[in-house]
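Remarks on the overall topology
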Amino acid sequence: MKLLQSFVFSIGLAALGAAFAKEAGTTRTAVDLMATPYRDAAQAGQLPSNTSVVILERRGGWLKISGKNKTGWVRLHQVRSGEGPEAKGSGEGLEMLKNVGKTGRSGSSGIVATTGIRGLSAEELKSAKPNPKAVEALAGHRANDATVRDYARQAGLKDTDVPYLNKP
């Protein structure tokens, strides 16, 4: 039931658009704002590291943000959602080492790809524990070689030998 409610709520958010899409965020590093959500788009400005922004829209791996009277598109990983303690600074030296211990992030920028875990709170991530039985259960869904070949044949696929590339 909760899954159905979540799905209906998500559809409602998508339908209502910008009214629900705005949320606070902070740039992780200095970012180039793009005019459209494409890597080769025209540049629309820049924002420095740790700039408070408003997330206006999400499109795939891109966010449309606004901050310091500038608006543009940036990659999802360049903005930290919310205004949590991690938004206060990336740190250097001992502060960076402390940050690695607290968050698992390395490097001076503190960037970590979190696309797959968005929606989990910091406490849920900290208290996460491995579940070997769940991993074993997944292994039961693995297809064997014969099943895969039969499936491919039914789909009209054919075996093709592809030569290895020479090492440079």
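Up top is the structure these notes are about.
For the structure given in this document, a descriptive report is provided here. Owing to the predicted nature of the structure, the values given are computational and were not obtained by experimental measurement.

Cut-offs used in this document
Residues numbered from 1 in each chain as written. Predicted model: local features only at pLDDT ≥ 70, side-chain atom pairs only at ≥ 80, totals over all residues. Heavy atoms only, no water. Helix = DSSP H or I, 4+ residues; strand = E, 2+ residues; numbered from the N terminus. Buried < 20%, exposed > 50% of the residue type's maximum accessible area, 1.4 Å probe, protein only. Contact = heavy atoms within 4.5 Å. Areas by Shrake-Rupley, 256 points an atom, 1.4 Å probe, with all protein chains shown as cover. Core = buried A, V, L, I, M, F, W, Y, C linked by side-chain atoms within 4.5 Å. Pairing = 2+ DSSP bridges. Polar contact = N/O pair within 3.5 Å; in protein donor to acceptor, adjacent residues only side chain to side chain. Salt bridge = Lys/Arg side-chain N within 4 Å of Asp/Glu carboxyl O.

**Re the overall build of the chain**
Broken down by element type, the chain carries six helices and seven strands. The N-to-C order of helical and strand elements in the chain reads α-α-β-β-β-β-β-β-β-α-α-α-α. Across the 168 residues in the chain, those meeting the buried criterion constitute 18%. In the chain, of all internal contacts separated by at least 6 residues, the share reaching a separation of at least 24 is 47%. Within the structure as shown, the chain displays about 13000 Å² of accessible surface, and the carbon and sulfur contribution to it stands at 57%.

**What to know about the nonpolar core**
Grouped together as the largest cluster of nonpolar side chains are 10 residues: Val31, Leu33, Leu47, Val53, Ile55, Leu63, Ile65, Val74, Leu76 and Val79. Of all elements in the fold, only β2 (31–34), β4 (52–59) and β5 (62–67) reach the threshold of two or more residues within this core. Once you skip the residues sitting within four places of it in the chain, Leu47 turns out to touch Thr27, Thr29, Ala30, Val31, Leu33, Val53, Ile65, Gly67, Lys68 and Lys70.

**Quick word on the pairing of β5**
As paired strands, β4 and β5 are joined by five bridges and run antiparallel to one another. Considered in β5, the bridge of Glu57 is made with Lys64. Between β4 and the antiparallel strand that follows it, β5, lie two residues; Gly60 among them carries a positive phi value of about 60°. Here β5 pairs with strand β6 (residues 70–75) via six bridges, running antiparallel. Within the sheet, the bridge partner assigned to Trp62 lies in β6 and is Arg75.

**Side note on helix α6 (residues 145–154)**
For α6, the side-chain oxygen to backbone nitrogen distance between the N-cap and Ala146 is 3.2 Å, and the N-cap itself is Asn144. In the segment just after α6, Gly156 is the residue with positive phi, at about 85°.

**Details of unusual backbone geometry**
In this structure, Asn50 is a non-glycine residue whose phi angle is positive, near 60°. With respect to the helices and strands, Asn50 occurs in the loop between β3 (43–47) and β4. For Asn50, a relative accessible area of 31% puts it in the partly exposed group. The backbone of Lys68 sits at a positive phi, close to 50°, despite the residue not being glycine. The class of Lys68 is exposed, set by a relative accessible area of 58%.

**As for the pattern of salt bridges**
One side chain can pair with another of opposite charge once the charged atoms of both are near each other. Throughout the structure, instances matching the rule amount to five salt bridges. A salt bridge links Asp159 to Arg149, with the nearest nitrogen and oxygen atoms 3.3 Å apart. Note that Asp159 is positioned in the segment after α6 and Arg149 in helix α6, a separation of 10 residues in sequence. Residue Asp159 is classed as exposed on the basis of its relative accessible area, which comes to 69%. When salt bridges that share partners are traced, they join Asp145, Arg149 and Asp159 into one network.

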